[in-house]
Amino acid sequence: RRARPGGNGSTTHRDSMSDDTSTATSRASHVAGQVKFLVCVDGSPPSKVAVHYACKRAKNTEGRVALLHVVQPADFRQWSGVEEMMREERRGEAEALLQDLAADVNGWAGIMPELMVREGRIGDEILSVIDEDRSIDLLCVGSNPAEGRGKLVSFLAGHLAGRLTIPLIIVPGTLSDEQIVNIT
């Protein structure tokens, strides 16, 4: 397995919606060719295409899928009550999104994904998840070719590329179901 710089070896997943398995167990049980995909989702059509792609690849390799949604923090420091209500609302929306996508994952790959909601800066949270869960092999994001490089893809390619310790797969959001099946 690959070595990753940084991190404190902790296996704690903040705001994880599923049961956690220890990193040591994940590494010990890894089978060559079986890949764990981390898919960043935001509810957009391109992110759903990225989930579909990861599912088909996971199904064909007996791999696994983890879905991550990062809630951006709101800045309502002067109104802490409003900030807390908005945080809870965004978290509820994120959990509903992940539950809907989990049903899709089950349909496409016949597996239940690991579901994670994190709050913070998206790049920092992606890197934290990758550092904390060393069983993650590939980072998968969807893009919208009509808009050029989206914010997430631009950020990942520009700011995180030198800090990522796993391959980044950018899935065009315009791929059809047939194209996904053909390339996976």
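Structural data are supplied above this passage.
Quantities reported herein were computed from a predicted structural model and do not represent experimental measurements.

Student: Help me out: how do you make sense of the overall build of the chain in this one?
Tutor: Summing up its helical and strand segments, the chain has six helices and five strands in all. Along its sequence from the N terminus, the chain presents helices and strands in the succession α-β-α-β-α-β-α-β-α-β-α. Looking at the chain as a whole, 41% of its 184 residues qualify as buried. Counting only contacts in the chain whose residues sit at least 6 apart along the sequence, the fraction spanning at least 24 positions is 79%.

Student: Please explain the state of the cysteines as it appears in this structure.
Tutor: Covalently bonding the sulfur atom of one cysteine to the sulfur atom of another cysteine gives a disulfide. Using the criterion set out here, one finds zero disulfides in the structure. Here Cys55 stays free of any disulfide, with the sulfur of Cys140 as its closest cysteine sulfur at 9.4 Å. When its relative accessible area of 0% is taken as the criterion, Cys55 is described as buried. With no disulfide of its own, Cys140 has Cys40 as its nearest cysteine by sulfur position, at a separation of 8.7 Å. Relative accessible area serves as the criterion here: at 0%, Cys140 is assigned to the buried category.

Student: Which parts of the structure should I look at to understand the pairing of strand E4 (residues 138–143)?
Tutor: Every regular strand shows the same layout, with side chains that alternate between the two sheet faces. Of all six residues making up E4, six are buried, and the element is well covered by its neighbours. Side-chain alternation along E4 places Leu138, Cys140 and Gly142 on one buried face and Leu139, Val141 and Ser143 on a second face that is also buried. Here strand E1 (residues 36–40) runs beside E4; their pairing, made up of three bridges, is parallel. Directly across from Val39, in E4, lies its bridge partner Cys140.

Student: Which parts of the structure should I look at to understand the nonpolar core?
Tutor: One broad trend across soluble globular proteins is that nonpolar side chains are buried collectively. Among the nonpolar cores identified, the biggest contains 30 residues, and Phe37, Val39, Val41, Val51, Leu67, Cys140 and Val171 are the most heavily contacted of them. Top contributing element to this core by residue count: helix H3 (residues 80–109), with eight residues. Setting aside chain neighbours within four positions, we find Val171 in contact with Val49, Ala50, Tyr53, Cys140, Val141, Gly142 and Ser143. The next biggest cluster of nonpolar side chains, apart from the first, holds 18 residues, and it includes Val70, Ile126, Val129 and Ile130.

Cut-offs used in this document
- Residues numbered from 1 in each chain as written.
- Predicted model: local features only at pLDDT ≥ 70, side-chain atom pairs only at ≥ 80, totals over all residues.
- Heavy atoms only, no water.
- Helix = DSSP H or I, 4+ residues; strand = E, 2+ residues; numbered from the N terminus.
- Buried < 20%, exposed > 50% of the residue type's maximum accessible area, 1.4 Å probe, protein only.
- Contact = heavy atoms within 4.5 Å.
- Disulfide = S-S within 2.5 Å.
- Pairing = 2+ DSSP bridges.
- Core = buried A, V, L, I, M, F, W, Y, C linked by side-chain atoms within 4.5 Å.

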